[in-house]
Amino acid sequence: MNGSFFNTQEFLERLTEITKANLTNPQFGVSELAREMGMSRSNLHLRVKKITKTSASQFINQVRLKKAMELLKKESLTVSEAAFESGFHSVTYFTKCFSDYYGYPPGEAGKHDETEAITGNFQKENPVNFKKWTIITVLVLAILIPVVAVTYTIFSNKISASKSVEPEKTIAVLPFKNDSRDTTNAYFINGLMESILNNLSNTPDLNVRSRTSVESYRNTTKSLPEIAKELGVNYIVEGSGQKYGDLVVLNIQLLEANTDRHLLSKQYRREVKEVKDFTGLQNEIALNLASEIKQTIKPEEVKWYKEISTENFEALSLYLQGMEVQRLIQGNANRNEITIKLFQARDKFKKALELDSTFTLPMVQLGWVYNSLSSNRPVGNEYDSLSYNARISFDKDYFDSALYYANRAIHFDKEYASAYTLLGHLYFSRGNNDKALENYEQALQYVKSEKMIPYRALGDLYFHKGEYPKSIEYHYKQLQMEHENKQNPEYWTLLHLYDKLGRLGFIEESNKYSNWLLKLNNDTTGHVHRLMFNHYIIGNYDSVIHLGQKRFEIDSASFSWTLPWAWFAKKNLPEATKWLHTFNRVLKLQGRQTEGDYGLSFIYFLNGETEKAIPLFNLAIQFFNNQIENNLSPETTIPHIHSASIYSSMNEKEKALESLRKNKSTNLFTLATLKSCPRFDNVRNEPEFQKIVKEMETSYLKHHEQIGKFLRKVGEIE
């Protein structure tokens, strides 16, 4: 995690830990320490200076000197041996540093009890020496002050210049304004803005805030210093543009954020009739901006600026229009509106490909559109009215289309990182973890910007492989990357951290991310559902019931499955029955399928209504078998556990135990289900059931401990 996340004590402990781990590494210095801390060199220096009153390099030396003292006192090493063991590769330099820090040479370490530095502790010095040096200092100052005064008068400008520090190269490209009377031209102006932002983002050592971060400032009334402070940047690009036929007029300003000083203010008037005109304009602006902040652009990096894989200008325009439609989807919670826009974007991208069948950019976007359609469903809830088998077929059609376009993009560009990321996601969504990992690794191989690294996707992948510690590390890398880029953490980043931390037993930390989500989108209903889930998995059923009933009183269209199951866990069948019927009534009002709900099946079975229960049980078994066969999200859907619960309910003990034997999930949600769910009452006393639960608990606790160490390391927990 980024070093700025730590409090002062944690920060110093982490600095010391990293330095000690690299004592014998001759290449280890401030740059390496900054990288390990996840900070820029300048930010590290400022924070170390503020806390310790020393520079970062002095801090490293002090850690080494303390280690040397420890070695000299406890292990009776020679001065040379202590020097090399503590990271000094010059005995002379080590002796000087040691003497300056402790007040005596290293050879005398055994004669002194005091192991702390004398730096800043002048009261321990010899009073005679102190007096002598005070007199000498006064005499020297008396001679030097006039000389310094004259020198300062003559060279004040040079002295001032030498003290100036070049600002860190952090930049935000704010959304451009469309000054055209024709509002339909917004796609073109926004397309240029995003292309310029992407070009700058591909430049090493230039830290560019993401499109997500700057989009919230599209219609802001905040001042530039306010925006700069919130985004943590030293430079801001503002732009506005007009398009009249083929003529494009762009007004671009580059400002030094803290001073509001213009470094660049230029109007670009170009006829844009061909793709080369578009790329030429965006490249020229990006290069001008980079050069103004003294960023050296290497020839191979300039090549990255020019990658638009079409020469058909109309195809490019359609692609930009599709991207504009997708931009308008962001932040929209209405399923039907999202679906309509997804179809609109799909049509734009397909038309672009009709004009240029080798244009890879719309291919990847089409893949994402089809992926989104399979989760958002068609307009009017037609999907929910389909039979179970029809829905599987429907989803498969969308998946096949997404897969086709991802592979097609790679066919035309073997090094297209985004296409591999899409392909990895698609395979992961169908449970093929090996193929997913293979494609994510390909994406990492060809990625040009850290902002494109699929950390969150890798976190999901490893979670569903049961490699929980690795999953958590990748999700924190995603959060760290977003923090370093000064962007607000994305919704999905926070949601995944909430979900996985809770399922792995870190409830307080999980709730923290739920609170963060609440601040992000003000979704109280979603927040309450998340709290209910966390209370459920730790067995706090009274809180689940209290929150669930209050939530339903406030919004009768909002309901959580955890409420009836909490009543089941408390062995209160009438209340559980009441709320399950309420739950299913809400689902029907929303046009969602309920016939496979095996919660109702369980009630029917307990009440002796087997003619109602068995068909529903069979539908649920069919559903879970499909998930098992396709390895679909086994850690969240836990299909083996649910299948076992159905067999247990029907008192088919051997089938229940057989299903449990095949289960690989050992997170806290799985354990909570086994321990509390009354559907397992028929097998609960079976020795094999108890053995399975014990083995799962052992595995869970092992992972919990490993993750706890990592969370302490990054400062998430004490």
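Residues numbered from 1 in each chain as written. Predicted model: local features only at pLDDT ≥ 70, side-chain atom pairs only at ≥ 80, totals over all residues. Heavy atoms only, no water.

### Observations concerning the overall build of the protein
Logical step 1: Scanning the protein for helices and strands turns up 34 helices and six strands.
Logical step 2: Here the protein, with 718 residues, has 49% of them falling under the buried criterion.
Logical step 3: In the protein, of all internal contacts separated by at least 6 residues, the share reaching a separation of at least 24 is 60%.
Logical step 4: With an accessible surface of roughly 35,600 Å², the protein has 51% of that area assigned to carbon and sulfur atoms. (Helix = DSSP H or I, 4+ residues; strand = E, 2+ residues; numbered from the N terminus. Buried < 20%, exposed > 50% of the residue type's maximum accessible area, 1.4 Å probe, protein only. Contact = heavy atoms within 4.5 Å. Areas by Shrake-Rupley, 256 points an atom, 1.4 Å probe, with all protein chains shown as cover.)

### Some remarks on the packing of helix H8 (residues 186-201) against helix H13 (residues 313-329)
Logical step 1: Packing of H8 against H13 brings their axes to within 9 Å, and their N-to-C directions diverge by 90 degrees. As far as their axial angle goes, H13 and H8 are roughly perpendicular. In this structure, H8 uses Ala-186, Tyr-187, Phe-188, Asn-190 and Gly-191 to contact H13, whose residues at the interface are Phe-313, Ser-317, Leu-320, Gln-321, Glu-324 and Arg-327.
Logical step 2: Of the residues in the contact of H8 with H13, the class split is five nonpolar, four polar and two charged. (Axes fitted to C-alpha atoms, helices over the stretch in contact; angles between N-to-C directions. Parallel < 35°, antiparallel > 145°, perpendicular 65-115°, else oblique. Nonpolar A, V, L, I, M, F, W, Y, C, P; charged D, E, K, R; others polar.)

### A closer look at the pattern of salt bridges
Logical step 1: In the structure shown here, the tally under the stated rule is 26 salt bridges.
Logical step 2: Here Asp-542 makes a salt bridge to Lys-570, at a shortest N to O gap of 2.9 Å. Taken together, the residues span a long stretch of sequence, with Asp-542 in helix H25 (residues 541-554) and Lys-570 in the loop between helix H26 (562-569) and helix H27 (573-589) at a distance of 28 residues.
Logical step 3: Where salt bridges share partners, they join Glu-215, Arg-218, Glu-324 and Arg-327 into one cluster. (Salt bridge = Lys/Arg side-chain N within 4 Å of Asp/Glu carboxyl O.)

### Overview of helix H31 (residues 639-649)
Logical step 1: A large share of H31 lies buried, amounting to eleven of its eleven residues.
Logical step 2: Buried within H31 are the following residues: Pro-639, His-640, Ile-641, His-642, Ser-643, Ala-644, Ser-645, Ile-646, Tyr-647, Ser-648 and Ser-649.
Logical step 3: Looking one or two places after H31, you find Asn-651, whose phi comes out positive at around 65 degrees.

### Side note on the packing of aromatic side chains
Logical step 1: Under the criterion given, the structure shown has 31 aromatic pairs.
Logical step 2: With a centroid separation of 4.9 Å and an interplanar angle of 80 degrees, the aromatic rings of Tyr-101 and Tyr-102 are classed as edge-to-face. Exposure class is identical for Tyr-101 and Tyr-102. Each is buried.
Logical step 3: Ring geometry for Tyr-404 and Tyr-405: centres 4.9 Å apart, planes at 70 degrees, overall edge-to-face.
Logical step 4: By relative accessible area, Tyr-404 is classed as partly exposed at 44%.
Logical step 5: A network of ring pairs unites the aromatic residues Phe-533, Tyr-536, Tyr-541, Trp-561 and Phe-669 as a single cluster.
Logical step 6: Above the plane of the ring of Phe-463 lies Lys-500, whose end atom (NZ or CZ) is 5.1 Å from the centre. (Phe/Tyr/Trp six-rings, centres within 6.5 Å; stacked < 30°, edge-to-face > 60°. Lys NZ or Arg CZ within 6 Å of the ring centre and 35° of its normal.)

### Let's talk about unusual backbone geometry
Logical step 1: Look at Lys-571: it is not a glycine, yet its phi comes out positive at around 65 degrees.
Logical step 2: Inspection of the secondary structure assignment puts Lys-571 in the loop between H26 and H27.
Logical step 3: Classification of Lys-571 as exposed rests on a relative accessible area of 55%.
Logical step 4: Backbone geometry places Asn-651, a non-glycine residue, at a positive phi of 65 degrees.
Logical step 5: As for its placement among the helices and strands, Asn-651 is situated in the loop between H31 and helix H32 (653-662).
Logical step 6: Residue classification places Asn-651 among the partly exposed residues on the basis of a relative accessible area of 46%.

### Section: the environment of Asn-219
Logical step 1: Positionally, Asn-219 belongs in the loop between helix H9 (211-215) and helix H10 (224-231).
Logical step 2: Expressed as a C-alpha distance, the spacing of Asn-219 and Lys-177, which sit 42 residues apart in the sequence, is 9.1 Å.

### A closer look at the pairing of strand E1 (residues 170-173)
Logical step 1: Residues Thr-170 and Ala-172 of E1 are buried on one face, and the alternating residues Ile-171 and Val-173, pointing to the opposite face, are buried as well.
Logical step 2: Taken together, the two bridges between E1 and strand E3 (residues 207-208) define a ladder with parallel strand orientation. Residue pairing in the sheet places Thr-170 in a bridge with Asn-207 of E3.
Logical step 3: Pairing between E1 and strand E4 (residues 235-244): three bridges, direction parallel. Pairing of Ala-172 across the sheet is with Ile-236, part of E4. (Pairing = 2+ DSSP bridges.)

### A few points about the environment of Glu-314
Logical step 1: Turning to its location among the elements, Glu-314 is positioned in helix H13.
Logical step 2: Classification of Glu-314 by relative accessible area gives exposed; the value is 52%.
Logical step 3: Considered as a pair, Glu-314 and Asp-356 are 42 residues apart in the sequence and their alpha carbons are 9.3 Å apart.

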